[in-house]
Amino acid sequence: MKTQNDSRETAIEIFVNLIEQLRSISDVKLERIRDAQFNDAGVQKALVYTKYGWPEKETCVDVPAREYFASRGELSVSNGLLLYRDQVVVPEELRTEIMENLHEGHMGIEKCRERARTTVWWPGLTKYILAKVDSCQFCQDHKPTQRKEPLKVTELPLRPWQKVSADLFDHKGKNYLIVTDYYSRYIEIAYLQNITSSQGNGEAESGVKRAKRILDQDDVFIALMAYRATPIVATGSSPSQLIMGRQIRTTVPVVEKKLVPKWPNAKNVRKRDTEYKRCYAYHYNRRHGVRDLPDLDIGDEVKVKLDGEKIWSAKGVVEEANPEIRSYRVRTPKGVYQRNRRHLQLIAPDDVRITPTYDKLLSGDLNVTPRKTVPSAVSTPHVKSSTSTPPAPIVDKSMSPTDVSDNTYTRPKRLTKLPTRLKDYEVT
Ligand SMILES: [Zn+2]
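Okay, so let's go over this structure. Fair warning: this is a prediction, and the values are worked out from it, not measured in the lab.

1. Details of the pairing of strand 1 (residues 75–78)
Pairing of strand 1 with strand 2 (residues 81–84), which is carried by 4 bridges, proceeds in the antiparallel orientation. Looking at the pairing, Ser76 lines up with Leu83 of strand 2. Adjacent in sequence and paired antiparallel, strand 1 and strand 2 are bridged by 2 residues, among which Asn79 carries a positive phi angle near 50°.

Written out as structure tokens, the structure is:
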């Protein structure tokens, strides 16, 4: 684990240097916005209206300031700077450039919007973002996908680093460890030199996907920083806010007061996260018409799909049941298997046939579809670090020591099995 710590320290060092560098960039940029605002007729006019009152009708507003009319209720003036809520109003001249900054990290539409929400604004910003992301090949190529499975709502931990997930993955022939904090969704990516083969199979797991998306970019550190500085939709706060108690500087200028340490209200964060996840899971499950498969009991007769088999040939009996994580141990004539519920079909005593719905649910039919705004934690998984009992994380134990090559499924696994030695990975 030494290498891991070393590379992690190096990463932190580089990151700190980068922040130092960016501090000046973003100060300079804020100054440029100030200058540009000063030279922009629309902003100047809107500034005067904001100070002394807007006309009642839009038609009475001077043409250059009309685009601000609809948002006049949210405009204010601070230190001679026109603001929209807490966001700096960007004059036309700089919009293209700032749009480039917002798009850094290629995080998609929602993330760009969230990022802007805490930093900059101009009329029609959302349309700019849509156009930018739609026209970006990288963003289009990396649109996340997701599987149609009932989502279970996971509870937000009480504090940062209480519960983390750790996944190994390889990317372009190199091995990495990604650690995700469940509370803030803060991530650390460490390059592992001494691991010969990647043992995680986290292709479809959202943390790993996020990491790969970051590593794919020209400037990994900018991308990582952009992720950390961008509010997570579920909590309404960025990972850095929840870990460090303040927003970090990025290439997108922020008003000074956002950088002053101020912890987001933990109660509100929790409430928002819970509501978001519940709401998300509800709509997700409805949209895809999925439903939970009924829990199995010890002694139930089931059909199992075995390695290399496309059909449900093997019959077995449930020996051990962990319905809360949808995992079951099944004894069959060919051996004992640990299986996820979706790999098992209950054989009803008087009817061994499978109902069509079941069939569809259990077959590879319900697969990967493009997703837009999956909150990290809802589909994020995996390892519980702490001793607390989890109603939460869904651990797929479909690959167990008795059954290591689960290759029959060509679709990516949503949940990742972790190497045993990392099972109790804990960050303190
Ligand atoms: Zn992009």
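2. Details of the sheet that holds strand 7 (residues 174–181)
Reading across from one edge, 6-7-8 is the order of the 3 strands in this open sheet, with antiparallel pairing throughout. Two strands close off the open sheet at either side, each with one partner strand: strand 6 (164–171) and strand 8 (187–192). This sheet shows a mean twist of 20° between the axes of neighbouring strands, independent of strand direction. Each of strand 6, strand 7 and strand 8 is contacted by helix 7 (residues 206–215), which is oriented at about 50° to strand 6, the strand it contacts most.

3. Focus on the pairing of strand 11 (residues 327–332)
Relative to strand 11, strand 10 (residues 314–322) is paired through 5 bridges, and the arrangement is antiparallel. For Val317, the partnering residue across the bridge sits in strand 11 and is Arg331. Hairpin connection of strand 10 to strand 11: 4 residues between the antiparallel strands, including Arg326 at a positive phi of 60°. Both strand 11 and strand 12 (residues 335–340) contribute to a ladder of 6 bridges, which runs antiparallel. Note that in strand 12 the partner of Arg331 across the bridge is Val336. Between strand 11 and strand 12, which pair antiparallel and follow one another directly, the connecting turn spans 2 residues.

4. Focus: helix 4 (residues 108–117)
All buried positions along helix 4 are accounted for by Gly108, Lys111, Cys112, Glu114, Arg115 and Ala116. The elements touched by buried residues of helix 4 are helix 3 (92–103), strand 4 (120–121), helix 5 (125–134) and helix 6 (137–141).

5. Thoughts on the packing of helix 4 against helix 5
Where helix 4 contacts helix 5, the axes come no closer than 9 Å and their chain directions differ by 145°. Judged by the twist between their axes, the crossing of helix 4 over helix 5 is right-handed. Residues Gly108, Ile109, Cys112, Arg113 and Ala116 of helix 4 lie in contact with helix 5, whose contacting residues are Leu125, Thr126, Ile129, Leu130 and Val133. For the contact of helix 4 with helix 5, the class distribution of residues is 7 nonpolar, 2 polar and 1 charged.

6. Brief notes about the environment of Lys257
Along the polypeptide, Lys257 turns up in the loop between helix 9 (239–244) and helix 10 (266–287). Taking the C-alpha atoms as reference points, Lys257 and Asp86, 171 residues apart in sequence, are found 9.1 Å from one another.

7. Some points on the nonpolar core
Counting 53 residues, the largest nonpolar core has Val89, Val90, Ile178, Ile189 and Ala211 as the members making the most contacts within it. The contact partners of Val89, leaving out residues within four places of it in the chain, are Gln37, Val43, Leu82, Leu83, Tyr84, Trp121 and Trp122. Counting residues in each nonpolar core, the second largest holds 7 residues, with Leu296, Val304, Tyr337 and Leu344 among its members.

Thresholds applied
Within any chain, residue numbers begin from 1 and follow the written order of that chain's sequence. The model is predicted, so local features are restricted to residues of pLDDT at least 70 and side-chain atom pairs to those at 80 or more, both for listing and for counting; the totals for chains, interfaces and linings are taken over all residues. Strand pairing is assigned whenever DSSP detects at least two bridges linking the two strands. Only DSSP runs of H or I reaching four residues or more are called helices, and only runs of E reaching two or more are called strands; each is numbered from the N terminus. Every axis corresponds to a line fitted to the C-alpha atoms, with the helix fit spanning only the stretch in contact, and the corresponding angles, defined between N-to-C directions, vary from 0 to 180 degrees. What counts as a contact here is a pair of residues whose C-beta atoms, placed from the backbone, lie within 7 Å. The burial criterion counts other C-beta atoms lying within 10 Å of a residue's C-beta, which is placed from the backbone; the residue is buried at 20 or more, exposed at 12 or fewer, and partly exposed between these limits. Crossing handedness follows the turn of the near helix against the far one: under a right angle anticlockwise gives a left-handed crossing, and clockwise gives a right-handed one. Only Asp, Glu, Lys and Arg are considered charged in this grouping, and only Ala, Val, Leu, Ile, Met, Phe, Trp, Tyr, Cys and Pro are considered nonpolar; every other residue, Gly among them, is considered polar. Defined on buried residues, the nonpolar core groups Ala, Val, Leu, Ile, Met, Phe, Trp, Tyr and Cys residues joined through C-beta atoms within 7 Å.

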